[in-house]
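Read off the chains here:
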Amino acid sequence: MENWSVDQVCNWLRQRNLGELVPKFREEEVSGAALLALNDRMVQQLVKKIGHQAVLMDLINKYQQQKSGLESLTYCCEAASPKFPEVISGKNLKSFFARYKTLQWTSSYALPDFPYDVMCILAEKKCPDHSVRIRIIEFLQADMTKYLEGSLYPNSQQYNIVVNALLQAYPFLDEDGNGFLLWKRALKDRFKYVRRPIEDDEQVLRNKCKFGHRRGQTRKSSFAENKPDDVQVEVEEEPVHLEGSATDVHIKWLKREYMKTQRNWKEVDNRMNVTIEIRRKMISDKAPLKDILRLFPFLRCPYQLFREFQLLTHMDIYKKTVEILEIYAENILSLYVVRNNPINIMLQENLKRHTEEDILKYMKMTAACLLLPDVFGDDSSLFAAVNEEVKVMTPVLEVKNPFNVNSCEFALYIEREELAQLDDCTMALAALVAAFHVFDIPCPKRIHRTLNFLESLVFEVRSPASLPAQVKRGLEVPKHPSM
């Protein structure tokens, strides 16, 4: 590339769907050597569109770093092959490269340099106005596109990494404890806005065709389906008419099947997949919960609640919750802040009555689950009602006789109505976290730190800065479970 002529550079631009940049590059006589010498400021002068700026800079950086990147990847493959020879087989090579890129994201992402005036506002720790927020989102979107090598389809984890980095650097942007979801939603909307008019990008066109899009459609909103991580599905925001439609047939079948004792779970999964569009639209439009559950009663089943969460986030919430409680239970119970808590006292009394290892482990995990709000100084009444009546409208657990292995009961309540009965503390905690996401319910500020801690572990983007000082050391370096 260093020896390319201006004509060769122009041909290279056309091959990468950047043909509209050719006249400007000819005017400025940008040869191959000049192309590789461009910096961010020069690119901004040459190219008007932020998306094209990001793609061009990424292509340049990719070429410059290709040699060192290939050497690093070769070393990684060679190191992995003796222990995991299947990793580098033809069948698994694609997934290995995907995991490698995700690791690069997690370990190397850094926020871009915002414009000077934006940096001045952020330095004053003032909440930016609407116009400044838009500029921050625009720069984040362009920067993510660079990291994605020109792709306009980040996955959920990559959105989480970027928003988490923003709020770590500027904690005051996390207004009322809902900042993470608000900034993430704004960033996703920005990507949709950038993708909407594009008609010459192969990936965008492929995904639009794959998920039913045609030219001329506008006003779209996102929802997640059972799809690859690099795809953000979009649907039209047109009014949905259920009567006489195929969707109505599926909904009627689901309602009838829910009343049966023996259910066809495979068919339930299929029909829940088919109806996810209307379900997500109802939830995003803030339809009453009772109406959503009337049409989709299977959301009352823990399995379907977890499955819906996985469709939205690509994360196995139940598996993650098991790991969290197994790793952190002993640490939580050893903290001074919970030593004299009634739950902990109740636990110690019941531990004396049993010797079976499984029962002791179950009791400790249950106690650790119920003590989480006290660890973070949150309002425990917004987390679980233990041997009490549920009094709050937001998702909350009802727990009866938590340490009695024969009579303990767990249930998830929303709007003071029982949504689902649950088998144990692990399922209960997973259902509580999932409910906020599945039903798009804002997290109450008085329970935000607890749920933020859990979600950061579930999404593997934990922010140590969010931990209270008195428990940071105890939870950041968890002991190996010894229950």
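For the structure, see preceding data.
1. A closer look at the packing of helix 17 (residues 317-334) against helix 20 (residues 425-438)
The N-to-C vectors of helix 17 and helix 20 enclose an angle of 120°; their axes lie 9 Å apart at closest approach. The angle between the axes of helix 17 and helix 20 places the two elements in the oblique class. Note on packing geometry: the crossing formed by helix 17 with helix 20 is right-handed. Between helix 17, through Ile317, Tyr318, Thr321, Val322 and Leu325, and helix 20, the contact on the second element is made entirely by Cys425, Thr426, Met427, Leu429, Ala430 and Val433. Residues that form the contact of helix 17 with helix 20 fall into these classes: nine nonpolar, two polar and no charged.

2. Things to note about the environment of Cys127
One can find Cys127 in the loop between helix 7 (116-123) and helix 8 (130-147). On the basis of relative accessibility, which here comes to 46%, the residue Cys127 falls in the partly exposed class. Once the C-alpha coordinates of Cys127 and Leu173 are considered, the two residues, 46 residues apart in sequence, prove to be 6.3 Å apart.

3. Some remarks on the side chain of Asp378
Considering the arrangement of structural elements, one finds Asp378 in the loop between helix 19 (357-375) and strand 3 (384-386). A relative accessible area of 12% means that Asp378 is categorised as buried. Leaving out residues up to four positions away in the same chain, Asp378 has contacts with Pro373, Arg446, Ile447, His448, Arg449 and Thr450.

4. Some points on the sheet that holds strand 3
Ordered in space as 3-4-5-6, the four strands form an open sheet in which the pairing is mixed. Two strands close off the open sheet at either side, each with one partner strand: strand 3 and strand 6 (417-422). Neighbour-to-neighbour, the strand axes of this sheet turn through a mean angle of 25°, independent of strand direction. Sheet topology places strand 3 next to strand 4 (residues 396-400); three bridges connect them, and they run parallel. Residue pairing across strands places Ala385 opposite Glu398, the latter belonging to strand 4. Contacting strand 4, strand 5 (409-414) and strand 6, helix 20 runs over the sheet at an angle of about 5° to strand 5.

5. A word on the pattern of salt bridges
Inspection of every chain in the model, using the stated rule, returns 19 salt bridges. A salt bridge links Asp117 to Arg135; the shortest N-O distance between them is 2.4 Å. With Asp117 in helix 7 and Arg135 in helix 8, this residue pair connects regions lying 18 residues apart in the sequence. Relative accessible area serves as the criterion here: at 30%, Arg135 is assigned to the partly exposed category. Ionic pairing is found between Arg307 and Asp269, a salt bridge with its closest N-O pair at 3.7 Å. Placement of the pair is Arg307 in helix 16 (residues 302-313) and Asp269 in helix 13 (residues 265-274), with a sequence separation of 38 residues. Like Arg307, the residue Asp269 is buried in the burial classification.

6. Description of the environment of Lys146
For Lys146, the location among the structural elements is in helix 8. Lys146 sits 85 residues away from Asn61 along the chain, and the two C-alpha atoms are 9.1 Å apart. What Lys146 contacts, discounting residues up to four positions off in sequence, is Ala54, Asp58 and Asn61.

7. What to know about the packing of helix 8 against helix 10 (residues 179-195)
At a minimum axis separation of 9 Å, helix 8 and helix 10 run at an interaxial angle of 65°. When the axes of helix 8 and helix 10 are compared, the pair comes out roughly perpendicular. Between helix 8 and helix 10 the crossing geometry is right-handed. For the pair helix 8 and helix 10, contact is made by Arg133, Ile136, Ile137, Glu138, Leu140, Gln141, Met144 and Thr145 and by Trp183, Ala186, Leu187, Arg190, Phe191 and Val194, respectively. Here the contact of helix 8 with helix 10 is composed, by residue class, of nine nonpolar, two polar and three charged.

The rules we used
- Residues numbered from 1 in each chain as written.
- Predicted model: local features only at pLDDT ≥ 70, side-chain atom pairs only at ≥ 80, totals over all residues.
- Heavy atoms only, no water.
- Axes fitted to C-alpha atoms, helices over the stretch in contact; angles between N-to-C directions.
- Helix = DSSP H or I, 4+ residues; strand = E, 2+ residues; numbered from the N terminus.
- Parallel < 35°, antiparallel > 145°, perpendicular 65-115°, else oblique.
- Left-handed = near helix turned anticlockwise from the far one by under 90°.
- Contact = heavy atoms within 4.5 Å.
- Nonpolar A, V, L, I, M, F, W, Y, C, P; charged D, E, K, R; others polar.
- Buried < 20%, exposed > 50% of the residue type's maximum accessible area, 1.4 Å probe, protein only.
- Pairing = 2+ DSSP bridges.
- Salt bridge = Lys/Arg side-chain N within 4 Å of Asp/Glu carboxyl O.

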